[in-house]
Each structure stands twice: as structure tokens, then as C-alpha cells.
Amino acid sequence: MKKWISLQAEFGNFHRRATIFVFAIKMSFSSVILSSIVIAVALPLMQFFGVLPLPLLPAIQFGVVLSWLIGGGVSGVLAMFAGVAIHELSVSRVEFERLSRTDMLSGLLNRRAFTEALECVEEDASLAIFDVDRFKAINDRYGHASGDAVIVAVSRIFASVFNGCSVVARLGGEEFGAILRGGTLSERIEDIEKARAMISREMIPVEGGDARITISAGIADIWSGRKKEAVYAAADKALYLAKALGRNRMVHESESLQHGWHPRAPESISEIQISPNAYEWQQYGHGI
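Residues numbered from 1 in each chain as written. Predicted model: local features only at pLDDT ≥ 70, side-chain atom pairs only at ≥ 80, totals over all residues. Heavy atoms only, no water.

1. Remarks on helix 8 (residues 228-244)
Counted at 1.5 Å a residue, the expected span for helix 8 with its 17 residues is 24 Å, and the 24 Å between its end C-alpha atoms agrees. Residues of helix 8 that are buried include every one of K228, V231, A234, A235, A238, L239, L241, A242 and K243, and no others. The elements touched by buried residues of helix 8 are helix 4 (111-120), strand 1 (125-132), strand 3 (175-181), strand 6 (215-222) and strand 7 (250-252). Where helix 8 ends, the next residue or the one after it, G246, has phi of about 120 degrees, a positive value. (Helix = DSSP H or I, 4+ residues; strand = E, 2+ residues; numbered from the N terminus. Expected span 1.5 Å × (residues − 1). Buried < 20%, exposed > 50% of the residue type's maximum accessible area, 1.4 Å probe, protein only. Contact = heavy atoms within 4.5 Å.)

2. Structural notes on the nonpolar core
Grouped together as the largest cluster of nonpolar side chains are 29 residues, with contacts concentrated most on F130, V150, F158, F162 and I192. Counting residues per element, the ones that place at least two in this core are strand 1, helix 5 (135-142), helix 6 (144-161), strand 3, helix 7 (185-201), strand 4 (204-206) and strand 6. It is helix 6 that provides the largest number of residues to this core, a total of seven residues. Sequence-distant contacts of F162, defined by excluding residues within four places in its chain, comprise F130, V168, A178, L180, D191, I192 and A195. Of all hydrophobic cores here, the second largest spans 16 residues; its members include L118, I129, A169 and L171. (Core = buried A, V, L, I, M, F, W, Y, C linked by side-chain atoms within 4.5 Å.)

This is how it looks when you write it as C-alpha cells:
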């Protein structure tokens, strides 16, 4: 039973190539020890029944040498082949698990992985839901390749801003999510605002020129005992409020229409601009 538990533990580490050699050596020694025990039991019985062609001591010595040369060698080679096969399966399993948790276009986590991470957060954190403003207009007018370029650029900025203890994911389409842990609420909001401002200044190469886009964000807080469904719903509601207030802004769940975020200063982008000048249109009236 202990040997089986040890083997199970080794299987869990077979994504490391060095484990193959350790596994082969252990299997080789185990084979030799088992063969030696069988020889030590079988030869005296053979002598007792008079079928042993050699004296007992030389027969035991000869049997032990053969167990090392043949049993140990053969079992070691076979264990190496088995170890390589297990290693490849282990690597494939790890890669499959990684791919199943990763959004292929953005390189960020996907919704499944994000939901699992959110369930593990208990307190002292905030959830931010982001949406690229007027994304449908980009896809409709400039094609899905340009839309993909926007997603990739936004994802790169998110990954650079939300690092360390934070978790960031593409939830689907033009929607993203981030879990910010630790620090004060004002510090977490500062990081979210930093991402918003960086994206609004980014020039993104698309079909026909460079695009400047904006994002909106809704923020909700996580504390002990608060259900994650309630957190997500609050962040989603705040996101819709940010959209209603003019986009290119973030809104915390504590905000209301009477105390909402006012339209930003001239740094706020009210247009999606495509250069050269042949490509330019007002956001308003082109999707959400």
C-alpha cells in the first residue's frame, strides 16, 4: 500500500522530466529486491526437494547477480519507456488544463477560470467588470480582424496593470473582469482608473489606420459573508450606470444617478477616431 501511495505521488510530478529517471531507478531497485526475496525463498525449497543443481550458497549468489544484471536492467529500461509515456501524458494533461482555462485570443483567463477564482476570494477585494465602448461599431464597420486587434490591445494593458495578487480575464466578447485583492478601496480604484486612462490613450492599429477606443467599468466590493452572485450583480449594475452616464468612466456600486460620475474633462474620448482622416465617426448612435 505504501508503495502504491508513493507511485501515485510520483505520477503527480511526472510533468518534470527528472522524475522519469527517479522513477526508473526506483522501479529497478524494487525489481532487484523483489527478485532477491523470491530467490531467497525458492532456492532453499528447491534444495529441500532435491531439485537444486548447485550448492545452496553459490546458487543464491548466482541468483542475486542475475537479478541485478537481468531483472534490474530490464525493469529499468521498461520503467524508462513507461516513464516517458507517463511524462508525455502528464504534460498533455497540464497543457489541456491550461488551455481549458485560457481565452485563446486575449491570452487572459476565461470565464470559467475567473468564476473559480472569484469563489475563492473571501474579503478585502473588489470586482471590476469592464466593457469596451461601441465595440459593435468597430466590428460592423472595419471587420472582425480590427475587433480582434482591439481585444488584444486591451488585454495587454489589463495584464500590465492588474498583476501580482490581481486576477484578470476575458469574460466573453468585449467584456472583461478583474479581481483586485489587498490594499485599500481607493488604491484598487486607482488601478482601475489607470487601466481606463491607458486604454483611452492607446492607438490601436486597425484596418485603414489607428483607432482610439474607451472602456467603461462597474465596481463592487467583496466582504466576508457576501454572496458572489450579489457582488457580480452589483458590479454589472454599476457598469450599466457607467454606460448611461456617458461611457469612458468607472462607477462604484455605491454611486447613484443623483451622485453619479460627471462627464470627464477634455481627456475623455467622445469619439472613436480612425486616422487617416478618411475614417472618423461619432460614437453616438453606433451600438453600445
